[in-house]
Amino acid sequence: MIRLLALLTAACFLCAPAQGPAWAEEGEPLTGTLKTIADRGTILIGYREAAPPFAFLNPGKQPVGFSVDLCHGIATDVARTLNRDLLEPDAPAWQKGVRIVYVPVAADERLAKLVSSAIDLECGSTTDNAERERTIAFSPVFFLAGTKLMVPLVNGRPSVATYRGLAGKTVVVGVGTTNAAVLHRLAKQVAPPMTVREVPSLDDAYAMLGAGTADAFASDDILLAGLLATKPDGRKFAITGDYLSFEPYAIGLRRNDPAFAALVHDSFVRMASEGTLYTLYKRWLMAKLPNGQRMNMPISPQLAEMYRALGQPD
């Protein structure tokens, strides 16, 4: 709750009346990420391949999702700032402008790829926390999640009610996630201790749960719900237990780059003031996903207030 209040305060402090993205002054030299994008002619968008509804591959193997759409909005403002056209990945090679290039990233490599300039934006389901802020910078928060457990249903009921029911059992988590850190802290609070297994992806963790080699799968509640909504055998499992952590999602970018950070912030203000931010929320959290399923997750009062702080109309 303290972290939420701090994020709300920061959002209110940073937000001014929406005036669109910050344009580069004519003749002003470009620096940082903007200069890199201008010189390269591409903007590299890092995305997760299996983190619905934020970033995942649709049936045509194209990256889609809430975070991907937000990064497309930022890319639009980058191109405008550079006075160039924004080009989609499949645009003809002869066209000149800023071309979007989508780069798949795993959970345990996303921060390093930002720092090394292998990507310019990290667009997935990444938690903004103090530890990560020592490595990368973040956009305004666009979603609030929390760690929960997915467990098999036994006779119509969850096999485990809380993490305390995992004493002596195995829980699987994604490597490089905040969920892994949470479960490692909790592992010794039960007797006998639970075993925490880290695997490369959410799909790997889900497969372990389905194969019976793990008793529970810990991840952000919204990601677990996304898997239940998109997996054919999702009805065999349930999300259970209290929240074990608080996870505010944001888009990742490089630190010590004030011009690009200002552009990203102003892009969020633009998307909020135009109603785009909430429209995208409804598209990915309430409407049908590409497979026809729905998340059916109305926006929380806390997140709605954060959107209003950015300029979302009432």
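Located above this text is the structure these notes cover.
Residues numbered from 1 in each chain as written. Predicted model: local features only at pLDDT ≥ 70, side-chain atom pairs only at ≥ 80, totals over all residues. Heavy atoms only, no water.

Locating T127 in the fold gives a position in the loop between β7 (121–123) and β8 (137–138). Engagement of the side chain of T127 in a polar contact is seen with the side chain of E247, the distance being 2.6 Å. What T127 contacts, discounting residues up to four positions off in sequence, is R132, F138, T178, D220, E247, P248 and Y249. (Helix = DSSP H or I, 4+ residues; strand = E, 2+ residues; numbered from the N terminus. Polar contact = N/O pair within 3.5 Å; in protein donor to acceptor, adjacent residues only side chain to side chain. Contact = heavy atoms within 4.5 Å.)

Quick look at the sheet that holds strand β2 (residues 50–51) now. Overall, antiparallel pairing links the three strands, which are arranged β2-β3-β4 in an open sheet. Every other strand in the sheet has two partners, leaving β2 and β4 (63–64) as the edge strands with one partner each. Two strands pair when backbone bridges link them, and strand β3 (residues 55–57) and β4 are joined in this way by two bridges, in the antiparallel orientation. Paired with L57 across the strands is P63, a residue of β4. (Pairing = 2+ DSSP bridges.)

To continue, consider the pattern of salt bridges. Going through the model one piece at a time under the given rule, you end up with 11 salt bridges. As a salt-bridge pair, D120 and R40 come within 2.8 Å of each other at their nearest N and O atoms. One end of the pair, D120, is in the loop between α4 (110–115) and β7; the other, R40, is in helix α2 (residues 32–40), with 80 residues separating them in the sequence. What makes R40 partly exposed here is its relative accessible area of 32%. The partner of R254 in a salt bridge is D120, with the nearest N and O atoms 2.8 Å apart. Pair noted here: R254 is in the loop between β17 (252–253) and α8 (258–273) and D120 is in the loop between α4 and β7, with a separation of 134 residues, a long-range link. Both residues of the pair, R254 and D120, count as buried. Salt bridges here are not isolated pairs; linked through shared partners, they connect D77, R80, R270 and E274. (Salt bridge = Lys/Arg side-chain N within 4 Å of Asp/Glu carboxyl O. Buried < 20%, exposed > 50% of the residue type's maximum accessible area, 1.4 Å probe, protein only.)

The next thing to look at is the packing of α2 against α8. Contact geometry for α2 and α8: axes closest at 5 Å, N-to-C directions at 85 degrees. What the angle tells us is that α2 and α8 run roughly perpendicular. Here T33, L34 and I37 of α2 come into contact with α8, specifically with A259, F260 and L263. Considering only residue class, the contact of α2 with α8 consists of five nonpolar, one polar and no charged. (Axes fitted to C-alpha atoms, helices over the stretch in contact; angles between N-to-C directions. Parallel < 35°, antiparallel > 145°, perpendicular 65-115°, else oblique. Nonpolar A, V, L, I, M, F, W, Y, C, P; charged D, E, K, R; others polar.)

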